[in-house]
Amino acid sequence: GKIIFGDQILDRSVVHIDLEDRGYQFGDGVYEVIRVYGGKLFTAKEHIERLFQSAKKIKMDISMTPERIEDLVAELVKENGVGFGSVYMQVTRGTAPRTHMFPKPDSQTTAVLTAYTNEVPRPERQLESGVDAITAEDIRWLRCDIKSLNLLPNVLAKQEATEAGCFEAILHRSGIVTEGSSSNAYLVRNGEVITHPADNFILNGITRQVLAKLCQENGIPFVEKAFGVVDLLQADEVFITSTTSEVMPIVKVDDKPIGAGKPGGVTRKLQTLFEAKINEETKV
Ligand code: PLP
């Protein structure tokens, strides 16, 4: 298939990344995943805007415009004939002799954009039945608002969940729930949707932002405040959101059923609203 490398769309087979790419050696870069529904990009502008925000927070100059990136990504999706899938894109600080400090401004090293596409079906069965989660200590750094390439703590947490036969690890800092290893986390209590504030301890998910707006438009209280693992286990409903998982019900946490042990009414309502939003945004 085709990929994006720098400012071009090329055959994947002709592109080679240097051993001293700073993304490879230091995780010195940022990334995004954009969903494709029926060949159409969903909330692409929001993802590309966040890519620029992440880059700015690590003092990295992308040296392309958001508009150019969006055009390239749309073209890539078209050329690869993606139906239901995703675009993975990342920007690293480029290739330079390995030292921790940034390459000198006169070194001709520039940030390098790469992107490729995947076919990924919607997780329909799991959206219907709900999935299980474990809780795990959040051992990440203090800038989780940056969508950085450094994902080792997330990888370790997801692997722990997988080995426990679960879909996701819901992370907590000393008992305060932050987010999932690759998702945002929510509980529902007395009809209110509660989630961690969008500060440096979580990634402010694009799906989270869409959901906040849907709640607002539909009179569902969306409350951004910290809650504990104890609150999670005693909640009426629990769910997570992400670009690939959408609004995913969590029916068991650490082997204990949440509420009635099946997806709850508010979660179902949010799934319906989210699906309508997808259809609205991606209709031809
Ligand atoms: N939090 C983390 C740590 C993530 O990796 C992700 C995305 O994969 C999210 C939250 C959800 O963000 P989004 O809805 O933009 O996919």
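An account of the accompanying structure is given in this report.

How each quantity is defined
- Residues numbered from 1 in each chain as written.
- Predicted model: local features only at pLDDT ≥ 70, side-chain atom pairs only at ≥ 80, totals over all residues.
- Heavy atoms only, no water.
- 1 Å grid on protein atoms, 1.4 Å probe; cavity = no way out; pocket = protein on both sides within 12 Å on 5 of 7 lines; lining within 4 Å.
- Points joined across faces, edges and corners; volume = space filled by probe spheres on them.
- Helix = DSSP H or I, 4+ residues; strand = E, 2+ residues; numbered from the N terminus.
- Domains from an automatic or database assignment.
- Buried < 20%, exposed > 50% of the residue type's maximum accessible area, 1.4 Å probe, protein only.
- Patch = residues over 30% accessible without salt bridge, like charges linked within 9 Å, V, L, I, M, F, W, Y side chains within 5 Å.
- Areas by Shrake-Rupley, 256 points an atom, 1.4 Å probe, with all protein chains shown as cover.
- Salt bridge = Lys/Arg side-chain N within 4 Å of Asp/Glu carboxyl O.
- Phe/Tyr/Trp six-rings, centres within 6.5 Å; stacked < 30°, edge-to-face > 60°.
- Lys NZ or Arg CZ within 6 Å of the ring centre and 35° of its normal.
- Pairing = 2+ DSSP bridges.
- Core = buried A, V, L, I, M, F, W, Y, C linked by side-chain atoms within 4.5 Å.
- Contact = heavy atoms within 4.5 Å.
- Near = heavy atom within 4 Å.
- Polar contact = N/O pair within 3.5 Å; in protein donor to acceptor, adjacent residues only side chain to side chain.
- Expected span 1.5 Å × (residues − 1).
- Arc of directions from axis to C-beta.

Counted according to the given criterion, the structure contains two cavities of 30 Å³ or more. In terms of lining residues, the largest cavity is bounded by Arg 35, Tyr 37, Phe 42, Thr 43, His 47, Ile 206, Thr 207, Val 210, Ser 242, Thr 243 and Phe 274. Taken together, the elements giving at least two residues each to the lining of the largest cavity come down to strand E3 (29–37) and helix H6 (206–217). No other element matches the three residues that H6 contributes to the lining of the largest cavity.

Before going further, it helps to spend a moment on the layout of surface pockets. Computed from the structure, the largest pocket encloses a volume of approximately 980 Å³. For the largest pocket, the lining is made up of 42 residues, of which Tyr 31, Lys 147, Leu 151, Asn 154 and Ser 181 are closest to its centre. Mapped by element, the contributors of at least two residues to the lining of the largest pocket are E3, helix H2 (44–57), strand E5 (85–92), strand E6 (112–119), helix H5 (152–163), strand E9 (176–180), H6 and strand E13 (237–242). Here the lining of the largest pocket takes four residues from H5, the largest share from any one element. No fewer than three residues from each of domain 1 (2–119) and domain 2 (124–282) sit in the lining of the largest pocket.

What follows is about unusual backbone geometry. If you check the backbone angles, Glu 246 has positive phi at about 55° while not being a glycine. Tracing the sequence through the fold places Glu 246 in strand E14 (residues 246–253). Positive phi values are uncommon outside glycine, yet Asp 254 reaches one of about 50°. Tracing the chain through its elements places Asp 254 in the loop between E14 and strand E15 (256–257). Under the relative-accessibility criterion, Asp 254 is labelled partly exposed at 27%.

With that settled, consider a nonpolar patch on the surface. A grouping of Ile 139, Leu 151, Leu 152, Val 155 and Leu 156 is seen on the molecular surface, where their side chains present a nonpolar patch of about 480 Å² in accessible area. Mapped onto the elements of the fold, Val 155 is located in helix H5.

Considering all chains together, one arrives at seven aromatic pairs under this definition. With 5.6 Å between their ring centres and 25° between their planes, Tyr 31 and Tyr 88 make a pair best called stacked. Placement of the pair is Tyr 31 in strand E3 and Tyr 88 in strand E5, with a sequence separation of 57 residues. Here the aromatic rings of Tyr 186 and Phe 222 are separated by 6.5 Å at their centres, their planes lie at 55°, and the arrangement is tilted. With Tyr 186 in strand E10 (residues 184–189) and Phe 222 in strand E12 (residues 222–224), the pair connects residues that are 36 residues apart, well separated along the chain. Taking the ring centre of Tyr 116 as reference, the NZ or CZ of Arg 12 above it sits at 5.5 Å. One residue, Lys 158, lies across the ring of Phe 167, its end atom 5.9 Å from the ring centre.

Below, the discussion takes up the pairing of E6. For strand E1 (residues 2–5) and E6, the ladder comprises two bridges, and the chain directions are antiparallel. Bridge pairing in E6 places Ile 4 opposite Ala 115. Of the strand pairs in this sheet, E5 and E6 are connected by eight bridges, and their pairing is antiparallel. Looking across to E6, one finds that Met 89 is bridged to Ala 115.

Here is a general trend for soluble globular proteins: nonpolar side chains tend to be buried in one another's company. Of all hydrophobic cores here, the largest spans 25 residues; its most connected members are Ile 69 and Met 89. The set of elements that each furnish at least two residues to this core consists of E3, H2, helix H3 (66–79), E5 and E6. With near-sequence residues (within four places) excluded, Met 89 lies in contact with Val 30, Tyr 31, Glu 32, Ile 34, Ile 48, Leu 51, Ile 69, Val 73, Leu 113, Thr 114 and Ala 115.

So, on to the side chain of Lys 277. You can see Lys 277 is positioned in helix H8 (residues 265–282). In this structure Lys 277 comes out as buried when scored by relative accessible area, which is 18%.

Right, let's get into the site of the ligand. In the vicinity of the ligand there are 19 residues, among which Arg 50, Glu 179, Ile 206, Thr 207 and Thr 243 approach most closely. At 3.3 Å, a backbone N or O of Ser 182 approaches an oxygen atom of the ligand. Between the ligand and Ser 183, the relevant distance is 3.4 Å, taken from a nitrogen atom to a main-chain nitrogen or oxygen of the residue. Taken by itself the ligand offers 390 Å² of open surface, and the protein chains cover 92% of this.

With that settled, consider H3. Taking 1.5 Å as the rise per residue, H3 with 14 residues should run 20 Å; its terminal C-alpha atoms sit 20 Å apart, in good agreement. Taken as a whole, H3 has its buried residues at Ile 69, Leu 72, Val 73, Leu 76 and Val 77. For H3, the arc enclosing every buried residue in end-on projection is 135°, short of the 170-degree limit, so these residues lie on one face. In H3, the exposed positions angled more than 90 degrees off the buried face are occupied by Glu 67 and Lys 78. Directly beyond the C-terminal end of H3, a positive phi value near 60° is found at Gly 81.

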